[in-house]
Amino acid sequence: MEAFLMGTAVTWLAMAIRMSIPLLYAGLGGLVSQKAGIYNFGLEGMMLCGAFFAYYGSYYLGSPWLGLILAVIVGALLGLLLGFTSISLRVSQVVIGLGIGILGLGLTSYLYRLLDQSGAAHVSTLFPIIPIPLLSGIPFFGEVFFSHNFMVYVCFGLVILISWFFNHTTQGLNFKAVGENPQVADSAGVDIIRYRYIAMLISGILASLGGAFLTLTQTALFIENLTAGRGWIALAAVILGKYNAWGVLLACFLFGAADAAQMQIQVMSLGIPYQFLLMIPYIMAMLAMSGVVGKVRAPAAMGKPYIKQ
Amino acid sequence: MLMAEESHITFRNITKTFPGVLALRNINLEIKHGQIHALLGENGAGKSTLMNILYGLYHQDSGEIFLDGEKYALNTPKNATAHGIGMIHQHFMLIPNFTILENIMLGQTSPKPPKLEKDYFRKEILKVSAKFGIEVDLDLLVEEVSVGMQQKVEILKALYKGAKLLILDEPTSVLTPQESQELFKMLHDLNNKGTTIIFISHKLNEVMQISDTISVLRDGEVVATLPKSQTSQEELSRLMVGRNVNNKYDKASEPIGEEIFRIDNISLHDPHNKGRFLLKDISIQISKGEIVGIAGVDQNGQEELAEIICALRAATFGNLYMCRHDVTNSTTRQLIELGLSFIPSDRRNQGLVMDFSIAENTILETHYQKPFTRGFSLQPQVISDYAEMIVKEYDVRTPSINVPVKNLSGGNQQKVIIGRELSRNTRFLLVMQPTMGLDVGAIEFVHQRLLKARQGGMAILMISTDLEEVRKLSDRILVMYEGKIIGQADSTTSIEKIGMMMAGFFQ
Ligand SMILES: Nc1ncnc2c1ncn2[C@@H]1O[C@H](COP(=O)(O)OP(=O)(O)OP(=O)(O)O)[C@@H](O)[C@H]1O
Ligand SMILES: [Mg+2]
């Protein structure tokens, strides 16, 4: 019995990490753009495009690496599109973000059908799992933390990098100032427009990688609306994580764990209709947004375009 | 001083227009090295605009600026900083949830990029602060420190970036009298160490106290530049307003009427420290036709009391009565409908919606009532007529009622609020710092208006840190100290005595 419980816990936690990584990529993308004062409501659309193009690269061009590169390019373009419209044209960030969401859904579904009318599933190559030597041998922890594909490790590396960037570099301070009060940052000689474009570029790439993670390491397939609202959950994770990279990590893990739990309960067939279980992560996201975490302070200039005098 | 007679900044034929406004017309002005040069002028005369041009926030339509005799073009804030020009704005350019250290070092190049190197900057900033004798705790968040301290941070920031010329736009309007005196001492020290200072203020006594030279602007023109020794407060106010300003009012003593508003034993707990009271047992009764003044140093509970009266905050104990109805649990809107008007001290955040037009701001509290709304629709014609009326009555200087209030000069914004609040059917008026940022002419006007409202039977509670103002207008004066009413006085009580009470000495 004990061994069984242990085994379940290991499977659950390892799965929780895998489920949380796509959220974490997208969440970090949302974090970077929001720190610079721009809402990225396009996370969902960017993820979906990333997922599709990564699949396309992997299956039709023959290598998951090509898929990854394609996803980076597509994410960068979408990030710049949101950047250009909201920074330079000063269109409402909400409208453009939602627009990108609809575009992503429509475009990927259309292209997917265009590619393949037979309806047969074409399985693409996945990135392999790379157990970390020695560490992966540790009982329990080895399997939970150190037996994943490289995108998981990269994502944890990004958390460390982003957290260090915001707290210990000059550019990080400038970045935060741009999101808090662009007038002040401007008069201190910080180039607002450049910082915001860079933020959107990075944000788009990260969100797209979140989608790519799904098709390149998990499903090996593309289906319509593959991301199923993960971009929105990532947005909730940014708030639940209180605009802090480590906080976002924890929040994403929480959502990932809920998702993994619902999958395991389905497997155990306890007789609960699976639709209810599917709701768990979304309900948690709603609770997070409704202020369970207490007062969260968003960057003060969020959502406002900067107009130079 | 060696360079004392050399020109630091020279404005030549500067002209600036905004849509519909000629803000500056052919300005010629010389600021000499090592001087404290005051700029005086009515609200909307163009003082802030001229300084914003020097600092590079606006650009002149025509004309030239010379710095140390050389032509200074390309005026941008960055370039101004590089040329040793620092500006302390009326609203501070600080990020509230950054530490003081982070605010000062923002935008500086790190010695070891990309690392932030806080310790390096801390040492450098402390060197500057020791040199000029400005003490600040670099590790506090800006939002945790007082307004006076924030101003010091701004000054230190400018000095750290190498300012040789400091521009201060109405620096004392946000300070308590004590803080103002500290600021003056600091400015004197800076000046002795060679910093040129341009100082904008409406307070003539301050200008006479601190400056070497005084220039007066009127309607976008320089009408006089005088050394302090050759002028007087009376002459300056005449130059500013173009007429003699009366500052003795005859206050007909009215029979005091029935009670309009009563504050009954109000107490308020400190939300951060349950054992402490922010307000303790405050009871005040205000009757028809009287002005009750509350004098006191800032931060002694006035803000909280005002919020409780307007139902923006709930008291811990006590009751409020308006016209003998219990209104302790009424909402702000109900109070307004019963005849409350409120002129807050923070006009940017509490008094106005800065992005709304003047017309929209004049109906903020009454927009849903007749005649501004009929059925479901606003009545644009009625609203603009009403706004035009207020603009005319209260002499708001603006090209049209449709400009956003953020484009008005500070004093004119204040006039919009006063006009709005006094144009309703008000029974009880709560007013805080009514003349903050107003020029001497406008102050006289507002004071007359308040007296007229009193004559008309309004009950007025006036909270002000300006003791002169309280003494001139009030029928009764209450002194507030650490959340308590600690004494009563009237306009015959000496300033010294009230001052002692304000500092917490009981008789
Ligand atoms: N950004 C702007 N857009 C339009 N008009 C403006 C703008 N800034 C200032 N003005 C106008 O220019 C004139 C001069 O304004 P300015 O702010 O320089 O006055 P001021 O002398 O500083 O007055 P105060 O003592 O009230 O602060 C005013 O009529 C004002 O309405
Ligand atoms: Mg001004």
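Engineer: Help me out: how do you make sense of the overall build of chain A in this one?
Structural biologist: Each helix and strand counted, chain A has 12 helices and two strands in total. Written out in order from the N terminus, the α and β elements of chain A read α-α-α-α-β-α-β-α-α-α-α-α-α-α. A compact globule built from 309 residues should have a C-alpha radius of gyration of about 19 Å, and chain A, at 20 Å, falls within 12% of that. Considering only residue pairs separated by 6 or more positions, chain A has 76% of its internal contacts joining residues 24 or more positions apart. A total of about 13800 Å² of accessible surface is found on chain A, and carbon and sulfur atoms cover 72% of it.

Engineer: What should I look at first to understand the sheet that holds strand β2 (residues 21-32) of chain B in this one?
Structural biologist: The pairing of strands in a sheet happens through backbone hydrogen bonds and is either parallel or antiparallel. Residues and elements named next belong to chain B. Taken together, the four strands give an open sheet; going across it, the order is β2-β1-β4-β5, and neighbouring strands pair in antiparallel fashion. A single partner strand is all that each edge strand has here, and the edge strands are β2 and β5 (70-71). Seen against the sheet, helix α1 (residues 47-55) touches β1 (7-18), β2 and β4 (62-67) and runs at an angle of roughly 115° to β1.

Engineer: What am I meant to see in the pairing of strand β9 (residues 213-218) of chain B here?
Structural biologist: Consecutive residues of a regular strand have side chains that alternate between opposite faces of the sheet. Residue and element names in this part refer to chain B. With respect to burial, β9 is a largely interior element, five of its six residues being buried. One ladder, built from five bridges, connects strand β3 (residues 36-41) with β9; its direction is parallel. Looking across to β9, one finds that L39 is bridged to S215. In this sheet, strand β10 (residues 221-227) lies alongside β9 in antiparallel orientation, the contact comprising six bridges.

Engineer: Even after reading the chapter, I still don't get the site of ligand 1, so can you show me in this structure?
Structural biologist: Residues and elements named next belong to chain B. Lining the immediate environment of ligand 1, one finds 19 residues, of which G44, S48, T49, S409 and G411 sit closest. Between ligand 1 and S48, the relevant distance is 2.7 Å, taken from an oxygen atom to a side-chain nitrogen or oxygen of the residue. Measuring from a nitrogen atom of ligand 1, one finds a side-chain N or O atom of N407 at 3.4 Å. The fraction of the free accessible surface of ligand 1 (630 Å²) that becomes covered by protein chains is 90%. With three residues, α1 is the single largest residue contributor to the shell around ligand 1. Each residue belonging to the shell around ligand 1 can be placed in one class, and the counts come to six nonpolar, 10 polar and three charged. In terms of domain composition, the shell around ligand 1 takes at least three residues from each of domain 1 (7-241) and domain 3 (347-424).

Engineer: Would you mind going over the packing of aromatic side chains with me for this structure?
Structural biologist: Each pair of aromatic rings is reported with the distance of its centres and the angle of its planes. A full pass over the atoms with the stated rule returns 26 aromatic pairs over all chains. Clustering of aromatic rings is evident, with ring pairs tying together F52, F53, Y55, Y56, Y59, Y60, Y112 and F222 of chain A. Taking the ring centre of F277 of chain B as reference, the NZ or CZ of K280 of chain B above it sits at 4.6 Å. Taking the ring centre of Y368 of chain B as reference, the NZ or CZ of R333 of chain B above it sits at 3.6 Å.

Engineer: Before we go on, may I ask you to explain the domain arrangement of chain B in this structure?
Structural biologist: When the parts of a complex come together, some accessible area is lost, and that lost area is often taken as the interface size. All names here are of chain B. The domains assigned to chain B are domain 1 (7-241), domain 2 (257-339 + 427-501) and domain 3 (347-424). The gap between the C-alpha centroids of domain 2 and domain 3 is 25 Å. Opposite the 17 residues of domain 2 that make contact, domain 3 presents 14 residues. Taken together, the two surfaces of domain 2 and domain 3 that pack against each other cover about 1300 Å², and 59% of this comes from carbon and sulfur. Ranking the residues of domain 2 by area buried against domain 3 places R333, I336 and R449 at the top, with a combined share of 33%. Taken together, the links from domain 2 to domain 3 amount to one salt bridge. Between E393 and R449 there is a salt bridge, with the nearest N and O atoms lying 3.0 Å from each other.

Engineer: What exactly am I supposed to notice about the pattern of salt bridges here?
Structural biologist: For side chains of opposite charge, pairing can occur when their charged atoms come near one another. All names here are of chain B. Across all of its chains, the model carries 28 salt bridges over all chains by this definition. Across the salt bridge formed by D264 and R262, the nearest N and O atoms sit 3.9 Å from each other. Between D270 and R276 there is a salt bridge, and its shortest N-O distance comes to 3.3 Å. Taking the relative accessible area as the measure of exposure, D270 reaches 11% and is therefore buried. Taken together, the shared-partner salt bridges connect E365, R420, E421 and R424 into one network.

Engineer: How should I be thinking about the sheet that holds strand β21 (residues 476-481) of chain B in this particular structure?
Structural biologist: Residue and element names in this part refer to chain B. What the six strands build is an open sheet, ordered β16-β19-β20-β13-β21-β22; its pairing is mixed. The open sheet has two free edges, formed respectively by β16 (340-343) and β22 (484-489), since each of these has just one partner strand. On average, adjacent strands in this sheet sit at an angle of 20° to one another, irrespective of strand direction. As paired elements, strand β13 (residues 291-295) and strand β20 (residues 459-464) share five bridges and run parallel to each other. Directly across from G293, in β20, lies its bridge partner M462. Relative to the sheet, helix α9 (residues 302-309) contacts β13, β16, β19 (428-432), β20 and β21, its axis offset from that of β19 by approximately 155°.

What counts, and at which threshold
Residues numbered from 1 in each chain as written. Chains lettered and ligands numbered in written order. Predicted model: local features only at pLDDT ≥ 70, side-chain atom pairs only at ≥ 80, totals over all residues. Heavy atoms only, no water. Helix = DSSP H or I, 4+ residues; strand = E, 2+ residues; numbered from the N terminus. Rg over C-alpha atoms; globule rule 2.2 N^0.38 Å. Contact = heavy atoms within 4.5 Å. Areas by Shrake-Rupley, 256 points an atom, 1.4 Å probe, with all protein chains shown as cover. Pairing = 2+ DSSP bridges. Axes fitted to C-alpha atoms, helices over the stretch in contact; angles between N-to-C directions. Buried < 20%, exposed > 50% of the residue type's maximum accessible area, 1.4 Å probe, protein only. Near = heavy atom within 4 Å. Polar contact = N/O pair within 3.5 Å; in protein donor to acceptor, adjacent residues only side chain to side chain. Nonpolar A, V, L, I, M, F, W, Y, C, P; charged D, E, K, R; others polar. Domains from an automatic or database assignment. Phe/Tyr/Trp six-rings, centres within 6.5 Å; stacked < 30°, edge-to-face > 60°. Lys NZ or Arg CZ within 6 Å of the ring centre and 35° of its normal. Buried area = accessible area lost by both parts, 1.4 Å probe. Salt bridge = Lys/Arg side-chain N within 4 Å of Asp/Glu carboxyl O.

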